[in-house]
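# Understanding the architecture of this molecule
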Amino acid sequence: MAAPRRPAEESVVGRIAVDIRHQSNLKLSKTEKKYLRKQNKARNTLLRHEGIEPVAHATQSLVIANGGLGNGVSRKQLLPVLQGCGSVDSLLMPPNKPYSFVTYATTEEARKAYAVLHGKEIVADLGQKIILYLNFVEKARWKALGPHGLPPGLLVVEEIISSEDERLLLESVNWAEDADNKNCQKSLKHRRVKHFGYEFHYENNNVDKDKPLPGGLPDICERILEKWLKEGYIKHKPDQLTVNQYEPGHGIPAHIDTHSAFEDEIVSLSLGSEIVMDFKHPDGVLVQVMLPRRSLLVMTGESRYLWTHGITPRKFDTVHASEHYRSGIITSDIGNLTLSKRGVRTSFTFRKVRRTPCNCNYSLVCDSQRKEKPPSFPESDKEASRLEQEYVHRVYEEIAGHFSSTRHTPWPCIVEFLKALPSGSVVADIGCGNGKYLGINKELYMIGCDRSENLVAICRERQFQAFVGDALAVPVRSGSCDACISIAVIHHLATAERRVAAIQELVRLLRPGGTALIYVWAMEQEYNNQKSKYLRGNRISRGAQEELTSATSAEGLLVEQMRGEACQDSASSVPSVNHVQEGGISSELPIHTNRTSFQSQDVLVPWHLKRNTGKDKASVSFGSTEPQNPGPICHRYYHVFCGGELEAACQTLGNVSILKSYYDQGNWCVILQKS
């Protein structure tokens, strides 16, 4: 509901609304200055992040900063507030964005809305107070996103059971039973879970096929499964059931159910509350699917073996406002989106335990068909060198062309560092990649060094000075550089000693008083309640520009959204680090799932290689029923740094001081100076 504004505040907004072009000529009060400052910040942010340019004259359309789905304002809440000022032709609310667009029938009504609502406080659905800031725009528009079909092999069936069967199913799970119950009740973080038929072991993402649980599946499940078999919704009768109960605000990390553990069909029944589940293709295509209460989700084929599925942790989902939209894809129809509050959800996930190795069509992501085991954590310098050779140097030689095509936008803080250096400075970029920083400041003498011959060749094609060299032994005279940069390099070194040695090598190159800028990937991909661009980046379609789908993508416009920590719902194919297996602790390096939070500091990160990155790139039809195997997958080794770890490594050296340390979009960064 809207909070009443004092009369003095109304006159303030009225004065500002008279003529935006002459605001700078008015003598403004403290409150007026605050509104104007916030309004200008909103204008600048919209232009910078979204290319939306407000205008100085009154029009029929307004952009409403802070009045968006992304910060907890629903259509049901906002529309009546806007209609109080006149006849609303349209209200467009882009998904996950902290702003919306309104178009009135007349310019006079829009002018009135500006006068009344600019600076107005409302209470959002999450209960927080939000102040709206308005700007006129020529047209209320939003880039339409292409329509998608469901991932191949995915089926959603509404109202698969009656409300009475829902009640019986929920009552069949006795959460009060003892912890040593035969059905292996467990209390995991943020949820309760029970297993029937076979216990699912989260420590190795599999089941013990030789140790079935006594009692089998609940009797009511047997009756319902027989019905689904008869009606053709499933082809095989499951023999394993995992029941999870989630509170609002909690989610499921993106994952693929282990190929070798279960047969083709993964069947999930949603009880108690609806939910939006995210499906993502290895190429980055994201499809959000509504699973209504009492609906059945069946994953087979490509959707089961190739696409990850997960649930974003939040207390509200963006859904269709129209009642006739129940299940299926959440489209980009921004004139028909609103927020839906989550309730307590219980999922019944049925699977059939696999007795033979998986022979699916997706061998590149299949653990049964994987030709080699992931490498182990190195226990010596020699092993670390071999690991880096195989999972860093060899990979970058293989992916150099594709990698270079994705590395073209310099990071602002690095540009700022380079442009602040005195004219004529000698600067070494150690680990220069395709040389995107070598030409930033023409007043500097910059040289690049990289271990990859193919990346150095790309630098030379671009007329940059670069040579092949190792970050641990750079063939440059000591004390010859005024500055060095090391961007996204040191995290590829496999032991703490080698990482410190790389920093020492940078310092060796510097003259006394010289400075070095170091960037490494951060373990913490959420910082100060904001997700990094790595977590937020989801390509909407193949070949399309990346869209930032997080509610925090527009800096300065967001009110913090309630978040819960994710927890795993089903059988992830991505093992946790040093997981316990029969016979002791496994030291295999885990394979990270792209665009998700890190669960381990030492990981293998997949790179999905595209051979053709030019105009002749082959086109693949989205939603095709044909099996689509992605290009070769290369795994790069990373050690992601925890907060304070980079500074601690620098401080082991006696001849440096740290001038600045900071966090920048998923990276820990330091500027150090040689004494």
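What counts and how
- Residues numbered from 1 in each chain as written.
- Predicted model: local features only at pLDDT ≥ 70, side-chain atom pairs only at ≥ 80, totals over all residues.
- Heavy atoms only, no water.
- UniProt positions renumbered as here; feature names shortened; annotations may be inferred.
- Helix = DSSP H or I, 4+ residues; strand = E, 2+ residues; numbered from the N terminus.
- Buried < 20%, exposed > 50% of the residue type's maximum accessible area, 1.4 Å probe, protein only.
- Pairing = 2+ DSSP bridges.
- Axes fitted to C-alpha atoms, helices over the stretch in contact; angles between N-to-C directions.
- Contact = heavy atoms within 4.5 Å.

As recorded by an unreviewed UniProt entry, the protein carries the name tRNA (carboxymethyluridine(34)-5-O)-methyltransferase ALKBH8 and is attributed to Dipodomys ordii. Here the protein is described in UniProt, under the heading Cofactor (unreviewed entry), as follows: "Fe(2+)". What UniProt states about the protein under its Subunit (unreviewed entry) heading is, verbatim, "Interacts with TRMT112."

### Quick notes on unusual backbone geometry
Unlike most non-glycine residues, Gln 463 shows phi in positive territory, near 65°. Among the secondary structure elements, Gln 463 is positioned in the loop between helix H10 (453–461) and strand E25 (466–468). Exposure remark for Gln 463: the relative accessible area of 68% places this residue in the exposed category. Although it is not a glycine, Ala 488 adopts a positive phi angle of roughly 60°. Inspection of the secondary structure puts Ala 488 in the loop between strand E26 (481–487) and helix H11 (496–509).

### Points about the sheet that holds strand E37 (residues 667–674)
Taken together, seven strands build an open sheet; the order of strands is E25-E24-E23-E26-E27-E37-E36 and the sheet is mixed. This sheet does not close on itself; its edge strands, each paired only once, are E25 and strand E36 (656–663). Between one strand axis and the next, the sheet turns by 15° as a mean value, whatever way the strands run. Relative to E25, strand E24 (residues 445–450) runs parallel, the two being bridged by three bridges. Within E25, the residue paired with Asp 450 across the bridge is Val 468. In this fold helix H9 (residues 412–419) packs onto strand E23 (426–430), E24, E26, strand E27 (510–521), E36 and E37, with an angle of close to 170° to the strand it touches most, E27. Contacting E23, E26, E27, E36 and E37, H11 runs over the sheet at an angle of about 150° to E27.

### A word on the sheet that holds strand E2 (residues 88–92)
Spatially, the four strands line up as an open sheet ordered E2-E3-E1-E6, and their pairing is antiparallel. Bordering the open sheet on either side are E2 and strand E6 (133–137), each of which pairs with just one other strand. When strand polarity is set aside, the average angle formed by the axes of neighbouring strands in this sheet is 25°. Taken strand by strand, helix H4 (residues 107–117) contacts strand E1 (61–65), strand E3 (99–104) and E6, and its axis lies near 160° from that of E6.

### Focus: the pairing of strand E34 (residues 602–608)
Along a regular strand, successive side chains alternate from one face of the sheet to the other. Most of E34 sits inside the fold, with seven of its seven residues counted as buried. Of the two faces of E34, the one carrying Asp 602, Leu 604, Pro 606 and His 608 and the one carrying Val 603, Val 605 and Trp 607 are both buried. Direction of pairing for E34 relative to strand E35 (residues 633–639): antiparallel, over a ladder of seven bridges. The partner of Trp 607 across the bridge, within E35, is Cys 634.

### A look at the pairing of E3
With respect to burial, E3 is a largely interior element, six of its six residues being buried. The two faces of E3 match: Tyr 99, Phe 101 and Thr 103 on one face and Ser 100, Val 102 and Tyr 104 on the other face are all buried. Note that E2 and E3 share four bridges and pair antiparallel. Each residue of the ladder has a partner; that of Ser 90, found in E3, is Thr 103.

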